2 protein chains.
Amino acid sequence: MAQLRDLKDELDIVIPTIRNLDFLEMWRPFFQPYHLIIVQDGDPSNTIGVPEGFDYELYNRNDVNRVLGPKASCISFKDSACRCFGFLVSKKKYIFTIDDDCFVAKEPSGKEINALEQHIRNLLTPSTPLFFNTLYDPFANGSDFVRGYPFSLREGLPTAISHGLWLNIPDYDAPTQLVKPRERNTRYVDAVMTIPKGTLFPMCGMNLAFDRELIGPAMYFGLMGDGQPIGRYDDMWAGWCAKVICDHLLLGVKTGLPYIWHSKASNPFVNLKKEYKGIYWQEDIIPFFQSIVLREECTSVQDCYIELANKVKERLGPIDPYFEKLGDAMVTWIEAWNELNPPPPAQTATVAHPNVAMKN
Amino acid sequence: MAQLRDLKDELDIVIPTIRNLDFLEMWRPFFQPYHLIIVQDGDPSNTIGVPEGFDYELYNRNDVNRVLGPKASCISFKDSACRCFGFLVSKKKYIFTIDDDCFVAKEPSGKEINALEQHIRNLLTPSTPLFFNTLYDPFANGSDFVRGYPFSLREGLPTAISHGLWLNIPDYDAPTQLVKPRERNTRYVDAVMTIPKGTLFPMCGMNLAFDRELIGPAMYFGLMGDGQPIGRYDDMWAGWCAKVICDHLLLGVKTGLPYIWHSKASNPFVNLKKEYKGIYWQEDIIPFFQSIVLREECTSVQDCYIELANKVKERLGPIDPYFEKLGDAMVTWIEAWNELNPPPPAQTATVAHPNVAMKN
């Protein structure tokens, strides 16, 4: 297995929260070397306690409004979708985002799992979306490509997203929570796999890492929560958009290890209220995303995302005016992204004046 | 989890071999209630020893020639591809096929794995090829569909193939064997997953089960071994054909559990000689299968397979005359299949004369 490089200066941990971050105590041995971006949801006058010794910046709603001005309208309020503001203001290449009710899980051997280290391993090794490897991640220790795997595909593709899983409380929707209130995930599946090209998946934002440079502008968590007709579909929305764009740009998405310990099921009755339009709409949204073909001219994530926003308005708009608003917010998000993340100097810029291109 | 029904009268175990079947001793508690079909490869005058107490029929090359007449040309000689003769002569709904160097594996807990029971579970529960479930098999005990999984897809599709894995000696090609002679698979991944629609996989014949009624005619292991320019691609060929047809007919393919213990690596130098044309050709074969679109009128496996045979001759024939011969053999195989497995009475036949349709 390739030696992992240290990402202390290349990765931010983004945490959306409404409460004191005592959960960080358990993560201290793993997170303390990293910089945290905390996005405070809800009432900005509340004080969020952060345990001593962590290096962090904290943004509340007032900060979001100050930084983005009128474009702040694209950032959700009273929904964990607000976490994507952290993706926007980060200056690092990699992001790891985690919910504040997630704790350190253990391997079956009892060993504590360094989730961040596994995400980094996932992101720094290639993905294999073009052909299925039956022994799972061929870049894992003691593994490889099996007989019949085309040699021309064994270099793999760059990995854009690492989707981690959850022991204890599984990520179920409200109806499943209601039907199976006592179900717990106890199955530790010792695998990382690439989600094949052309296949959509339900991306959960609870334990998620990605390469901001490769896919950042697609990690918009939509319009959810306060003033919106829908909640708890923020990460799903980002996952559908990001997967379609990864497929188009030939980037990889992995799922599986690492596990975190998800401590508390949210209220299924509250969830049902938030989700019910999503449950209904997703029957149209999924076929929409499954049928998306992006134009060849879309060669950047931003290009792809704007194209997607237009298609959302055109093809999902007729379902509900919400999708018109969402499509507009997707465009606003990209404008905000480009403002806060100006493109690097164009390759045609002369070496003597690199700043000229940056200022454009 | 659904109660499994007993398949003693509905499943045959097919074993290709050139030696005494002492390996059956270890499988006795699991296999003894089932009927075995043993396909003896190589010199028919050799005697294959079968441990006492097993119910079996044994076919050597003379039997193959007697049963199939001139159509016996489609059955490979001196290659484990001959196993598909067993699929042809079976009268059961399900097949489990296993190599004679595969033994009972153990779970990490030390418990012996009843591979056949897990295959049956895989075949009798639905597959989910149309959308990815991040918690793996939603029909496994203690598992379900995660948030964001469309409800309209939760019934799943019928499962046609269950592809099991191998602990100890992994199924590597000759170059990988040569480079990593000491690599052993020790990673027990406690998962079954559906291979998504539109994604090809390398199907290994070592530990494999399928529903003969759903996909049997596609499980042809090609022309390999004696007199052919290629070997060790028999199961791969069947896997590519079967997956394309499963995708077209909306049938599922699962991979993962159960594991068997693969005891002995075959000789990598001998393997390299058998494989080298396959390694070269697969770079064209894979894109060919990835681009296959079967006509809507193909509604039976046989229809699909004949269409595929024509495409093989047309599009792979230019690579090597071998593919012309293979395409012809694919057609012969279907003729043999239809001869030995006459279609059930057509639904238009009157109830009073069911045999009329059968005789046609």
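Think of each chain on its own: its residues are numbered from 1, step by step along the sequence as written. Chains and ligands are labelled by the order in which they are written, letters from A for the one and numbers from 1 for the other. With the structure being a predicted model, the display of local features is reserved for residues of pLDDT at least 70 and the display and counting of side-chain atom pairs for 80 or more, all residues being used for whole-chain, interface and lining totals. By convention in this description, side-chain values take in all heavy atoms of the structure and omit both hydrogens and water.

If you check an unreviewed UniProt entry, chain A appears there as UDP-arabinopyranose mutase from Prunus avium. UniProt positions are given in the numbering used here, feature names are shortened, and annotations may be inferred rather than shown by experiment. The UniProt entry for chain A carries this comment under Function (unreviewed entry): "Probable UDP-L-arabinose mutase involved in the biosynthesis of cell wall non-cellulosic polysaccharides." Under the UniProt heading Catalytic activity (unreviewed entry), the entry covering chain A gives this text: "UDP-beta-L-arabinofuranose = UDP-beta-L-arabinopyranose".

Some thoughts on the confidence of the model for chain A
Residues and elements named next belong to chain A. Of all residues in chain A, 95% have pLDDT values of 70 or greater, and the mean over the chain is 94. Note that residues 349-360 has pLDDT below 50 and, in this model, eight contacts with residues that lie over four places away or in other chains. Two numbers describe this predicted complex: its pTM, 0.94, and its ipTM, 0.93. Each residue carries a pLDDT score, the predictor's own confidence in it, on a scale running from 0 to 100. Throughout, a residue-residue contact means that at least one pair of heavy atoms, one from each residue, lies within 4.5 Å.

Some details on the UniProt feature "glycosylation site" (unreviewed entry) in chain A
With numbering aligned to this structure, UniProt lists the feature "glycosylation site" (unreviewed entry) at Arg147(A). To qualify as a helix, a DSSP run of H or I must reach at least 4 residues; to qualify as a strand, a run of E must reach at least 2; elements of each kind are numbered from the N terminus. Residue placement: Arg147(A) occurs in the loop between α4 (115-124) and β6 (159-168). Under the relative-accessibility criterion, Arg147(A) is labelled buried at 5%. When neighbours within four sequence positions are excluded, Arg147(A) is seen to be in contact with Asp171(B), Tyr172(B), Asp173(B), Pro202(B), Cys204(B), Arg232(B), Asp235(B), Met236(B) and Glu275(B). At 2.8 Å, the side chain of Arg147(A) and the backbone oxygen of Arg232(B) are in polar contact. Burial classes follow relative accessibility: with a 1.4 Å probe on protein chains only, a residue under 20% of its type's maximum area counts as buried, one over 50% as exposed, and anything between as partly exposed. Whenever a nitrogen or oxygen atom comes within 3.5 Å of another N or O atom, the pair is scored as a polar contact, on the condition that within protein one atom can donate a hydrogen and the other can accept it, and that pairs from neighbouring residues in sequence are kept only if both atoms are in side chains.

Some remarks on the pattern of salt bridges
Put simply, a salt bridge is a Lys or Arg side-chain nitrogen that is within 4 Å of an Asp or Glu carboxyl oxygen. Summed over all chains, the structure comprises 40 salt bridges over all chains. When the shortest N-O distance is used, the salt bridge between Lys92(B) and Asp12(B) registers 2.7 Å. One end of the pair, Lys92(B), is in the loop between α3 (84-89) and β4 (94-98); the other, Asp12(B), is in strand β1 (residues 11-17), with 80 residues separating them in the sequence. Residue Lys92(B) is classed as buried on the basis of its relative accessible area of 19%. Judged by relative accessible area, which is 2%, Asp12(B) ranks as buried. Notably, a salt bridge pairs Arg295(B) with Glu297(B), separated by 3.1 Å at the nearest N-O pair. Through salt bridges that share partners, Arg295(A), Glu297(A), Glu307(A) and Lys311(A) make up one connected network.

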